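Each chain, letter by letter, is given below.
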Amino acid sequence: MSALADRPANPVVGHRAAHESAALHVTGAAMYTDDLAAHTAGVLTAWPVQSTNAHAKVTIDVSGAYEVPGVVRVLTADDVPGVNDAGIKHDEPLFPSEAMFYGHALVWVLGETQEAARLGAERVTVEYEPLPSLITVREAIDAESYQGIARTVQRGDAASALASAAHVFEGVTEFGGQEHFYLETHASLAILDSEGQYFVQCSTQHPSETQEIIAHVLGITSSQVTVQSLRMGGAFGGKEMQPHGLAAIAALGATLTGRPVRLRLNRTQDITMTGKRHPFHISWKVGFDADGMLQGLDAVLTCDGGWSLDLSEPVLGRALCHLDNAYWIPNVHAHGRIAKTNKASNTAFRGFGGPQGVFLIEDILGRVAPALGIDPLELRQKNFYQPGQSTPYGQLVKDAPRMATIWSQLREEAEVDARRTEIAAFNASHPHIKRGLALTPIKFGISFNFAAFNQAGALVHVYKDGSVLINHGGTEMGQGLHTKMMQVAATALGLELHQVRLAPTRTDKVPNTSATAASSGTDLNGGAVKNACEQIRERMSAVAGRLLNADERDVLFEGGYVTALGNTTQRLTFAEVANAAYLQRVQLFAAGYYRTEGLHWNPEIMQGSPFKYFSYGAAATEVEVDEFTGLYSVRRVDIIHDVGDSLSPMLDIGQIEGAYVQGVGWLTLEELRWDESDGPNRGRLQTQSASTYKLPSFSEMPEQFHVRLFENAREDGAVYGSKAVGEPPFMLAFSAREALRQAVGEFGPEGHMVELRSPATPEAVFWAVRAAQQAADAVGAPEREHLAVR
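A brief structural summary.

Reading the values: rules and limits
Residues numbered from 1 in each chain as written. Predicted model: local features only at pLDDT ≥ 70, side-chain atom pairs only at ≥ 80, totals over all residues. Heavy atoms only, no water. Helix = DSSP H or I, 4+ residues; strand = E, 2+ residues; numbered from the N terminus. Rg over C-alpha atoms; globule rule 2.2 N^0.38 Å. Buried < 20%, exposed > 50% of the residue type's maximum accessible area, 1.4 Å probe, protein only. Phe/Tyr/Trp six-rings, centres within 6.5 Å; stacked < 30°, edge-to-face > 60°. Pairing = 2+ DSSP bridges. Contact = heavy atoms within 4.5 Å. Axes fitted to C-alpha atoms, helices over the stretch in contact; angles between N-to-C directions. Expected span 1.5 Å × (residues − 1). Salt bridge = Lys/Arg side-chain N within 4 Å of Asp/Glu carboxyl O. Parallel < 35°, antiparallel > 145°, perpendicular 65-115°, else oblique. Nonpolar A, V, L, I, M, F, W, Y, C, P; charged D, E, K, R; others polar. Core = buried A, V, L, I, M, F, W, Y, C linked by side-chain atoms within 4.5 Å. Polar contact = N/O pair within 3.5 Å; in protein donor to acceptor, adjacent residues only side chain to side chain.

A closer look at the overall build of the protein chain
For the protein chain, the count of helices and strands is 19 helices and 29 strands. Expected size for 790 residues packed as a compact globule is a radius of gyration near 28 Å; at 28 Å, the protein chain falls within 12% of this value. Expressed as lengths along the three principal axes of its C-alpha atoms, the size of the protein chain is roughly 105 × 80 × 50 Å. Each of the 790 residues in the protein chain was classed as buried or not, and the buried ones make up 61%.

Quick word on the packing of aromatic side chains
Tallying each qualifying case throughout the model produces 21 aromatic pairs. With 6.2 Å between their ring centres and 75 degrees between their planes, Phe169 and Phe288 make a pair best called edge-to-face. Here Phe288 lies in strand β13 (residues 280-288) and Phe169 lies in strand β8 (residues 167-175), a separation of 119 residues in the sequence. On the basis of relative accessible area, Phe288 is assigned to the buried category, the value being 0%.

Concerning the sheet that holds strand β4 (residues 98-99)
Read across the sheet, 3 strands follow the order β4-β2-β6 without closing on themselves; strand pairing throughout is antiparallel. A single partner strand is all that each edge strand has here, and the edge strands are β4 and β6 (125-130). Note that strand β2 (residues 56-61) and β6 share 6 bridges and pair antiparallel. Paired with Asp61 across the two strands is Thr125, which belongs to β6.

Topic: the sheet that holds strand β1 (residues 44-50)
Here we have 8 strands laid out as an open sheet, ordered β3-β5-β1-β12-β9-β10-β11-β20, and mixed in their pairing. Each end of this open sheet is capped by a strand with a single partner; those strands are β3 (71-75) and β20 (505-506). Pairing geometry for β1 and strand β5 (residues 105-111), over 6 bridges, is antiparallel. Looking across to β5, one finds that Thr45 is bridged to Gly111. Each of β10 (198-202), β11 (225-229) and β20 is contacted by helix α6 (residues 207-218), which is oriented at about 145 degrees to β11, the strand it contacts most.

Here we look at helix α14 (residues 481-493)
Between its terminal C-alpha atoms α14 stretches 18 Å, which fits the 18 Å expected from 13 residues at 1.5 Å a residue. In terms of burial, α14 is a largely internal element, 13 of the 13 residues being buried.

Notes on the environment of Asp638
Mapped onto the secondary structure, Asp638 falls in strand β28 (residues 632-641). A relative accessible area of 6% places Asp638 in the buried class. When the C-alpha atoms of Asp638 and Pro330 are compared, they prove to be 31 Å apart, with 308 residues separating the residues in sequence. Residues within four places of Asp638 in sequence aside, it is in contact with Leu410, Ala414, Arg419, Ala618, Ala619, Ala620 and His706.

A closer look at the pattern of salt bridges
Inspection of the entire model under this criterion finds 49 salt bridges. Put simply, Lys239 and Glu184 hold a salt bridge, and the shortest N to O gap is 3.2 Å. Residue Lys239 is located in the loop between β11 and α7 (243-257), and its partner Glu184 is located in the loop between β8 and β9 (187-192); the two are separated by 55 residues in the primary sequence. A relative accessible area of 0% means that Lys239 is categorised as buried. Residue Glu184 is classed as buried on the basis of its relative accessible area of 11%. Here Arg402 ties to Asp642 by a salt bridge, and the two come within 3.1 Å at their closest N and O atoms. Of the two residues, Arg402 sits in helix α12 (residues 401-413) while Asp642 sits in the loop between β28 and α17 (649-668), which places them 240 residues apart along the sequence. Each of the two residues, Arg402 as well as Asp642, counts as buried.

A short note on the packing of α17 against helix α18 (residues 734-745)
In contact at an axis separation of 8 Å, α17 and α18 are set at 45 degrees when each is read in the N-to-C sense. Looking at the two axes, α17 sits oblique to α18. From α17, Tyr660, Val664, Trp666, Leu667 and Thr668 reach across to α18, where they touch Phe734, Ser735, Ala736, Arg737 and Leu740. Across the contact of α17 with α18, the residue classes break down as 7 nonpolar, 2 polar and 1 charged.

Points about the nonpolar core
Ranked by internal contacts, the top residues of the largest apolar core, which has 104 residues, are Trp284, Phe288, Ile639, Tyr660 and Val765. Every residue in contact with Ile639, bar those within four places of it in the chain, is listed here: Leu410, Ala618, Ala619, Ile656, Tyr660, Phe705, His706, Val707, Arg708 and Leu732. With 51 residues, the next largest nonpolar core counts Met486, Ala489, Ala492 and Leu647 among its residues.

Focus: the side chain of Thr347
Tracing the chain through its elements places Thr347 in the loop between β15 (331-339) and α10 (354-372). A polar contact is formed between the side chain of Thr347 and the side chain of Asp310, at a distance of 2.7 Å. In contact with Thr347, other than residues within four places in its own chain, are His180, Gly237, Gly238, Met241, Gln242, Gly275, Lys276, Arg277, His278, Asp310 and Leu311.

Pasting the structure below:
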């Protein structure tokens, strides 16, 4: 078999390809989980009874629900035949006796219609015995309310480095979470057949874990449950862990009624019941030498886990592994802990803790650059990793020079120096409007921190007519994974793209799969698909060799045809060889497998090499800020990003653009607010819809948006030399936040450190401008007094 990164002549990978479901998406013909439910006869609808108290013991009377016409069953803890738990940490009771957050689902009503289920839920009565509640991270810190395992990343002697540093700064960095706001809310459809087999359609990123949770709730084996993920209308990490309990509710309902059960959260239920990106509170102290080189960092990172652990421990771990971003920090002491609060359990979100770690160092560099008297662009660049240096957790930074190359290419192509001169002239002549231009880098590790997840399987069928069907363990959430897998299979088998078809992801085709997450979907499943195809091609080569009177090692598969070196007169179609292989009783299907090699990680001491490689990128963003309102616009964005040797350039560029915009949303627009009062609505999420939760839209798109893939970037050891693309470009959006900081700083005196609240909403920018102006007034006051005396 060929090396994983090698490409044959005229590969299908590397070319622009439309998303495999693009036509279905734009015509509205694409089916999603709840569409399938709508076409299922006799289906019941599940509706939750949600807590109206942030923390309380509950007593529930469901009798009133049965008085509503159309209510079939109310599901309670007494109905669970297996384990009453929806998580993998055994800390998430599916039917709780204690409400842990405002909106917590307590019981579920099954109705003939959605309206019947909803009205039935309204008739369920809940008595609350209120308990103390913690809503903010600060409240949890004060109460010492923590959960899970605290972790520390350490290298060198941070305390000594800080004591001897020429410049020392300290502060607190806080930032909020982010709502996933996928277009398709959580949905499941469970059917129990006559043989006792459960078939569950689910909008899930992790079908195998959904299967596992359903099985343990029902007290059956995983082999009795098949979970299929047809496609998702977005996920962004929000469907990695949190669909499991919802799917189990649907399956439990099917068990008790013998009828299909659908569960689809409406938007308000989805926002109030499901977790977000983890907010963080970080206290830090940092030291620099006289030349602006980082010397030491001491930090305490507290993330808001919500009411249960969910994925908070690995999220915190990845944050600790990314607080260095692209910079060499010789002495580091970073302690991480998880706060327990009375909010929905926070969960995976694109970047999975990486953005929170990167936030710390980028915020520090942006804040202190003026006080150091160093251009922020130069401060960042001079602290980049150099060849031979390692991360604070002990991994060698492979391809470190790539960061500096991308940075210099972007600086030249985006005409950064010339534009900064133009911006300076503009700012000098416009007292009420200021512009800023910032560059930020990203170095992001690719692989699951949990080593066992770095494996994947695939099942590839070649039929007698030469058509190909591939199954793999990854899920499609709009990112184009299925398209890339079809390109990989077509390349490996020497076919054209239209000759390959892909089946929906199902646990009875490929078992024990990992979540489609950690930006590893293509790396893992692509490796498995390629492995399966190469097994089949090897068998077919022996058949073709006999037909072509050639050595099987000289057989070539390309463009749907099979030829051999030295035989210039004969050419067979792939279908002809497939049919001949069948007649010769040669196996035409194969199970492929891939595991990421070279990983080792000790979570107890937070040391090792947890990542296969690093993805690099840089972004330059220009913004304009209005003094009177704090309103701003993104004028221009330039990005160069490293995706290795791209499998599908159009899809990759789309992912980079989308990730950047989503990152800008988190950093500048999207603000989650809870009722923190002591009133009856304490703990209630106040931003429950798009009317109160601001999402990026066309009006936030940059006037100019230039994205280019880094060239000559083949990654040895990855499928066809490609690299991950899903998460890393999300963090390119820090350039927008830093550009806002630059523009705000123009309203203040030289050397003014701009502290910018997160998210940097127009209101936050307005107050930062006012603070800068007040600092300017304070500097100018002694000068005016001196003039008056003279």
